[in-house]
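Examining the three-dimensional arrangement
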Protein chains: 2
Amino acid sequence: MVRWEPGAPERLRAAALELFAEAGYEQATVAQIAQRAGVTERTFYRYFSDKREVLFAGSAELQRRMVDAVTAAAPTADPARLVAIALDALASVFPAERREFARWRNAVLTAEPALQERELLKLASLKQALAVALTAHGVEGVTAAVAAESAIGIFHVGFAHWIADGEERDLAELQREALAALRAVVMWV
Amino acid sequence: MVRWEPGAPERLRAAALELFAEAGYEQATVAQIAQRAGVTERTFYRYFSDKREVLFAGSAELQRRMVDAVTAAAPTADPARLVAIALDALASVFPAERREFARWRNAVLTAEPALQERELLKLASLKQALAVALTAHGVEGVTAAVAAESAIGIFHVGFAHWIADGEERDLAELQREALAALRAVVMWV
């Protein structure tokens, strides 16, 4: 019989981040994470395939939310509107209450080159997914590709600021700031 | 005594690509590559640390050319001018005579997920280097970051078209096309 553990994934995520910060990512074990979260190792594996997955479990959901928003956009939406919709969808995944988690997670990633590589590959996958969704919505190939590159670039830059120490503005606002900066540059290139 | 091998790196590169295409990247050995190029294994290792390096040896040079061009730009150059200079420097590394090599190389990468990941990380490194060079030139942080993301995005999109079957336009022109597409989108977001 599988017992339902209320809040187990959240507790496991918090426990893992604490442990990664204290003991180092490499040293931390799934057994320790489960113990700290007050669950069995078996419960851990019900939610995550391994300890790295605790840090990247949100990626698929992030990509799905962005792609679904673009796919659901009105048929009349132009490429600019679709980019705005994609950026709004990405920002909506990171409300204020996720900022502390994101900061802890970033501290773990910063200490581990292999995790940073995984993060860059996640961004590349987001880009690819957005280009495909834009193309499926009728956006021409070169425009779809370059709009996807820049939209995820804007998300990446905005996100890096969102998790910076002392930053209090929300992600949507930071993305708007990055977009305005980009617009000022490309207008004149 | 180290013998000078005229054209050895070029012959090794061509031999490696032929062999990767025929035998598969995983199966090909350094001994086979050297034999096909008519040199010793020792000569191979004078130019490349391993067989993967044959595919990525140009990355450092590409990054250096781009960074040097931005660094050497006039102190009065604004962010838009610096992006144009970076794109010109990247395009200058890929004259028409390198297109066939780039197409063969791409065919090898397409068949090997691990090599594709390496390529994505190379692009991330280019981005990072460009952001640093722009900042060193006095460009404000958010602008530097988002301009670097988009400039390398434009290079990436342009390059993908440059190596497409039947494409005959040069890289600089394809980058201009991608930039124009990006400008049309971000003007209205």
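So, a few notes on the structure that sits alongside this text. (Residues numbered from 1 in each chain as written. Chains lettered and ligands numbered in written order. Predicted model: local features only at pLDDT ≥ 70, side-chain atom pairs only at ≥ 80, totals over all residues. Heavy atoms only, no water.)

Remarks on the interface of chain A and chain B
By convention, interface size is frequently given as the accessible area that disappears when the constituent parts associate. The interface of chain A with chain B comprises 32 residues on the first partner and 32 residues on the second. Buried surface at the junction of chain A and chain B, both sides included, amounts to about 2900 Å², of which 78% is carbon and sulfur. Counting the contacts that link chain A with chain B gives seven residue pairs in polar contact (both at pLDDT 80 or more). If you list the elements that add at least two residues to the side of chain A that touches chain B, you get helix H6 (79–92), helix H8 (113–136), helix H9 (141–162) and helix H10 (171–186) of chain A. For the side of chain A that touches chain B, the leading source of residues is H9(A), giving 12 residues. (Contact = heavy atoms within 4.5 Å. Buried area = accessible area lost by both parts, 1.4 Å probe. Polar contact = N/O pair within 3.5 Å; in protein donor to acceptor, adjacent residues only side chain to side chain. Helix = DSSP H or I, 4+ residues; strand = E, 2+ residues; numbered from the N terminus.)

Concerning the side chain of Lys122(A)
Residues and elements named next belong to chain A. Mapped onto the fold, Lys122 is located in helix H8. Judged by its relative accessible area of 14%, Lys122 is buried. Residue contacts for Lys122: discarding those within four places in its chain leaves Phe56, Ser59 and Arg105. (Buried < 20%, exposed > 50% of the residue type's maximum accessible area, 1.4 Å probe, protein only.)

Quick notes on the relation of the copies chain A and chain B
Superposing chain A onto chain B takes a rotation of 180° combined with a translation of 0.0 Å along the rotation axis, leaving an RMSD of 0.0 Å. A rotation of that kind, with that shift, is consistent with a two-fold axis. When C-alpha distances to the rotation axis are compared across chain A, the minimum falls at Ser150(A), with a value of 2.6 Å. When the interface residues of chain A are mapped onto chain B, 100% of them again lie at the interface, so the same face is used by both copies. (Least-squares fit on C-alpha atoms with pLDDT ≥ 70 in both.)

Observations concerning the nonpolar core
Formed by 88 residues in total, the largest nonpolar core has its most connected members in Leu130(A), Leu134(A), Phe155(A), Leu130(B), Leu134(B) and Phe155(B). If we skip the residues at most four places from it in the chain, Leu130(A) touches Met66(A), Val70(A), Ala86(A), Ala148(A), Ala151(A) and Ile152(A). (Core = buried A, V, L, I, M, F, W, Y, C linked by side-chain atoms within 4.5 Å.)

Observations regarding the packing of H6(A) against H10(A)
Residue and element names in this part refer to chain A. Between H6 and H10, the shortest axis-to-axis distance is 9 Å and the interhelical angle comes to 145°. Regarding H6 and H10, the two cross each other, and that crossing is right-handed. Contacts between H6 and H10 involve Leu87, Leu90 and Ala91 from the former and Leu171, Ala172 and Gln175 from the latter. Broken down by class, the residue content of the contact of H6 with H10 amounts to five nonpolar, one polar and no charged. (Axes fitted to C-alpha atoms, helices over the stretch in contact; angles between N-to-C directions. Left-handed = near helix turned anticlockwise from the far one by under 90°. Nonpolar A, V, L, I, M, F, W, Y, C, P; charged D, E, K, R; others polar.)

Examining the packing of aromatic side chains
All names here are of chain A. Following the criterion strictly, the structure yields 16 aromatic pairs over all chains and no others. Centroid distance Phe44 to Phe48: 5.5 Å. Interplanar angle 45°. Geometry classified as tilted. For Phe44, a relative accessible area of 0% corresponds to the buried category. What links up through ring pairs into an aromatic cluster is the set Phe94, Phe155, Phe159 and Trp162. Over the face of the ring belonging to Tyr25 we find Lys51, whose NZ or CZ atom lies 4.7 Å from the ring centre. (Phe/Tyr/Trp six-rings, centres within 6.5 Å; stacked < 30°, edge-to-face > 60°. Lys NZ or Arg CZ within 6 Å of the ring centre and 35° of its normal.)

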